[in-house]
Amino acid sequence: MTVVTPRFGVGASVLRVEDSAFITGRGRYTDDISLPGMLHGFVLRSPMAKATVRMVSVDAAKNAPGVHLVLTSAELAGLGDLKSSVMQKQPDGSRAQTRDIPILCRDRVHHVGDAVAFVVADSRAQAQDAAELIEVEYDAEAAANDTATALDPGTPLVWPELGSNRAFLYEIGDVAKTEKAFASASRVSRVVFVNNRLVSNFMEPRAAIGEWHAGEGRYQLTTGSQGVHSMRSILAGQVFNIEPQKLRVVTPDVGGGFGTKAFVYREHALVLEAARRLGRPVKWVGDRTEHFLADAQGRDNAVTAEMAMDDDGRFLGLRVRTLANVGAYCSQYGPFIPYIGATMSTGVYDIGALAVTVAGVYTNTTPVDAYRGAGRPEAAFMIEKLVDVCARDLGMGPDEIRRRNFIRPGQFPYRTQSGRLYDVGEFEAHMHLAMERAGWDGFEGRLEQSRAAGRIRGIGMATYVEASAFPGSEPAYLELHPDGSLTLAIGTQSNGQGHATAYAQFVAEKLNVDVARVKVQQGDTDRLETGGGTGGSRSIPLGGVSASRAGEALAEKLRRIAADELEAAPADIELVDGSARIVGTDRSIGFAEIAKAAKKPEDLRAAGDFVQHEATYPNGTHICELEIDPDTGHVEILAYTIVDDFGVTVNPILLAGQIHGGVVQGIGQALSEGTVYGEDGQMLTASFMDYAVPRADSVPGFHFETRNVPSTTNALGMKGAGEAGTIGAAPATMNAVTDALYRAYGIRHIDMPATPSRIWKTIRDAVAAK
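Small disclaimer: the values here were computed from a predicted structure and weren't measured.

Chemist: Honestly, the packing of aromatic side chains in this entry has me stumped. Any pointers?
Modeler: Aromatic ring pairs: the centre-centre distance and the angle between the two ring planes describe each pair. Using the criterion set out here, one finds 19 aromatic pairs in the structure. Between the aromatic rings of Tyr 349 and Phe 406, the centroid separation amounts to 5.8 Å while the plane-to-plane angle is 5 degrees, which identifies the pairing as stacked. Of this pair, Tyr 349 sits in the loop between α8 (337-342) and β15 (354-362) while Phe 406 sits in the loop between α10 (398-405) and β16 (414-415), and the two are 57 residues apart along the sequence. Here the two residues Tyr 349 and Phe 406 agree in accessibility, since each one is buried.

Spelled out as structure tokens, the structure:
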């Protein structure tokens, strides 16, 4: 049977409709907006990681040229703190108390970059100059800066009143069952490693504009975000104690988010409060250093994992102990991230027993929260690293041990030991295809070529599964306008993913119109009362179904109107290229004429919704092949192969872009990115001089294809793809690095990031030890 791909519908490789504006400089980001009478703010931040604080004097700052306002904590007594509401239950059934983020610090600071004062002036430069005139006394104390030692006796306490640096304790699985599995095991393999802390480093630094409309008694916040509705709820409810309708939140174009722009930050509240006091708009724009010091960061776990196996290498039980750094405060979703990761601990494997312990720990560092993948990359890295160790311990190939332990197609739907319900999966099939595409069987010949050139070579794989599109819904609202164009309003938020194209494809498919006629509207709480925002790869699996259903509902309405105008039956009307036509004739009426013929506005509007009750589970295989120069430690990735199962592909071009970008971020974590704090809590990697994001020459071309098995959970079979590249890339890359080091030197472990200096030192130590 021949499969015909539609020009504009689902499955078509439609070029991004939004790119023309972006590449010609017509994008409109928060900092591009200039309002009459607008003032500019600057945040004075703590240079100390832990200290008591005394505000000596702000008089010089208040009297500095151009200054209109100086705010300290003393002026903000009426504003509430930013609280996390996602703390999970501990083993005793309690939920640990959070440590909340004050809008400005009161008598203590808890990390370098903590906000101390806010200055508003005619220009940012004047505000920054005035901030330097504020007299602050810091009485510095010893800081806790390391995840692995945070609970050790003698480590300074971030919050002394707690008596410990432990923020929370979670347990997942069945301890007794797992201990029994380990007692019966023939072999046990073990890994101890660090999942390194990362900084998002999106292209557009955060920015915010606050306005106060006195006549309405109403605030307006304009800011780059991943969803305006959650921001409105938190700011209105937690900070200002007002009705949500008293705050409008607007998001223009956004230059990257990766989870980090999903959160409410202090500056959002500060620009709003300053605007109210001054009766003028107030803009704050962060710089790159502030991003490093103040924006929520990602990952940062210290992990011990063990696998119990029988004589044949079949997995009997998994035991994991994780220390998860939450930073100095509980960020918005911070306490939930390690929990959700723990629920994915068993990955793609049929493991009969699981016991996971997660201890959140406070340190005097920037708070940690969701970063692309949000817990799932940590889980995938743990299990895929451990599975390679198991194979090496048993003298078995990494493909063979996976093959023996995969959940098999006949076992679905499959309930994991953490309670996750996988609907479908053919894990061995995509691993086999990826190995074929990567030339796995010919690796030994390529290895000899590398040896002849004085280099070492490795190949590594990761077979991952992740949870996406978590239970919920995302309604979509579609309207036909008098000129025949259409607007789809939806409560997600594009951060560069291509929503304007993808959503338009769902509508175009149902109405048979060019995607250029469909405008997607997001990012305004006045336009939509509710919205779930973007995160967890939810936008297309949930919002796409709703957009499709809205298109279907509007198509039915348009057929009825056209049938009346053309004196035909609705069943005889087809929609073709922006018009309605009687099938088999040339009698038609355009969408603009249909709009004029509508008797009431509701006839030109339709809504679609889809409530999903379980997550979807994208999965796939990544294979990385690389060379290492043993004299320098430099890594060159020679080939990278990806075979993924996303259920249904909406747009192959958009999908490839998502996967390529995600893989580069995963490679960055594996080989170059690492956030380093000194013993005094100072961040030592607070600029691109010291924090190495991957460059174009860091990565090869990718071979990417899909082997899709449609989801039975999602109404259209989709699974989500926004985070998958990141999830598979770090373990595949590090397994390749370790493979090269083990073949050449017997080295069994190296932590991320595997920088040239770290690899070089590891090789030198191994050679010296022989």
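Chemist: Would you take a moment to explain the side chain of Asn 619 for this structure?
Modeler: Considering the arrangement of structural elements, one finds Asn 619 in strand β26 (residues 619-628). Of the polar contacts made by the side chain of Asn 619, one reaches the side chain of His 430; its length is 2.8 Å. When sequence neighbours within four positions are dropped, the list of residues in contact with Asn 619 reads Phe 427, His 430, Tyr 464, Val 465, Asp 644, Asp 645 and Lys 719.

Chemist: Honestly, the sheet that holds strand β2 (residues 51-57) in this entry has me stumped. Any pointers?
Modeler: Think of a sheet as strands paired side by side through backbone hydrogen bonds, with each pair either parallel or antiparallel. Across the sheet, which stays open at both edges, the three strands sit in the order β4-β2-β6 with antiparallel pairing between neighbours. Of all the strands in the sheet, the pair left with one neighbour each is β4 (108-109) and β6 (135-140). Bridge count between β2 and β6: six bridges; the pairing is antiparallel. When the bridges of β6 are listed, Ala 51 appears paired with Ala 140.

Chemist: Before we go on, may I ask you to explain the sheet that holds strand β18 (residues 456-465) in this structure?
Modeler: The strand order β18-β26-β27-β28 describes an open sheet built from four strands, whose pairing is mixed. Of all the strands in the sheet, just β18 and β28 (702-706) have a single pairing partner and so form its edges. The average undirected angle you get between the axes of adjacent strands in this sheet is 10 degrees. Bridging between β26 and strand β27 (residues 635-645) involves ten bridges; their strand directions are antiparallel.

Chemist: Which parts of the structure should I look at to understand the packing of helix α13 (residues 499-511) against helix α14 (residues 539-566)?
Modeler: Packed helices, taken two at a time, are described by their axes: the angle between them and the distance between them. In the contact formed by α13 and α14, the axes pass within 8 Å of each other and the chain directions differ by 35 degrees. Regarding α13 and α14, the two cross each other, and that crossing is right-handed. Along its contact with α13, which presents His 499, Ala 502, Tyr 503, Phe 506, Val 507, Lys 510 and Leu 511, the element α14 presents Ser 539, Ile 540, Gly 543, Gly 544, Ala 547, Ser 548, Gly 551, Glu 552, Leu 554, Ala 555 and Leu 558. Grouping the amino acids of the contact of α13 with α14 by side-chain chemistry returns ten nonpolar, six polar and two charged.

Chemist: Before we go on, may I ask you to explain helix α9 (residues 376-394) in this structure?
Modeler: Working note: α-helix, 3.6 residues per turn, so residues spaced by three or four point in the same direction. Spanning 19 residues, α9 covers 27 Å between terminal C-alpha atoms, matching the ideal 27 Å at 1.5 Å per step. By the criterion of burial, α9 is predominantly enclosed, with 17 of the 19 residues buried. Gly 395 occupies a position one or two residues after α9 and carries a positive phi of about 65 degrees.

Chemist: Would you take a moment to explain the environment of Ile 340 for this structure?
Modeler: Here Ile 340 lies in helix α8. On the accessibility criterion, Ile 340 (5% relative accessible area) is buried. It is 34 Å that separates the C-alpha atoms of Ile 340 and Ala 12, two residues lying 328 residues apart in sequence. When residues no more than four places from it in sequence are discounted, the contact partners of Ile 340 are Ala 374, Gly 375, Arg 420 and Phe 470.

Chemist: What exactly am I supposed to notice about unusual backbone geometry here?
Modeler: Only a minority of non-glycine residues have a phi that is not negative, and only a minority of peptide bonds are not trans. The omega torsion across Phe 412 and Pro 413 is -5 degrees, close enough to zero to call that bond cis. By secondary structure assignment, the location of Pro 413 is in the loop between α10 and β16. A cis geometry characterises the amide bond from Met 752 onward to Pro 753, with omega recorded as -10 degrees. Of note, Pro 753 is situated in the loop between α17 (724-745) and α18 (756-769). Located in the positive-phi region is Arg 299, a residue other than glycine, with phi close to 65 degrees. Residue placement: Arg 299 occurs in strand β13 (residues 298-309). On the accessibility criterion, Arg 299 (3% relative accessible area) is buried.

Chemist: I would appreciate a short explanation of the packing of helix α16 (residues 652-671) against α17 in the present structure.
Modeler: At a minimum axis separation of 7 Å, α16 and α17 run at an interaxial angle of 40 degrees. Overall, the two elements α16 and α17 adopt an arrangement that is oblique. Viewed along their axes, α16 and α17 form a crossing whose handedness is right-handed. Side by side, α16 and α17 meet where Ile 659, Gly 662, Val 663, Gln 665, Gly 666, Ile 667, Gln 669, Ala 670 and Leu 671 of the first sit next to Ala 724, Gly 725, Thr 726, Ala 729, Ala 730, Thr 733, Met 734 and Val 737 of the second. Split into classes, the residues belonging to the contact of α16 with α17 amount to ten nonpolar, seven polar and no charged.

Definitions and cut-offs
Residues numbered from 1 in each chain as written. Predicted model: local features only at pLDDT ≥ 70, side-chain atom pairs only at ≥ 80, totals over all residues. Heavy atoms only, no water. Phe/Tyr/Trp six-rings, centres within 6.5 Å; stacked < 30°, edge-to-face > 60°. Helix = DSSP H or I, 4+ residues; strand = E, 2+ residues; numbered from the N terminus. Buried < 20%, exposed > 50% of the residue type's maximum accessible area, 1.4 Å probe, protein only. Polar contact = N/O pair within 3.5 Å; in protein donor to acceptor, adjacent residues only side chain to side chain. Contact = heavy atoms within 4.5 Å. Pairing = 2+ DSSP bridges. Axes fitted to C-alpha atoms, helices over the stretch in contact; angles between N-to-C directions. Left-handed = near helix turned anticlockwise from the far one by under 90°. Nonpolar A, V, L, I, M, F, W, Y, C, P; charged D, E, K, R; others polar. Expected span 1.5 Å × (residues − 1). Parallel < 35°, antiparallel > 145°, perpendicular 65-115°, else oblique.

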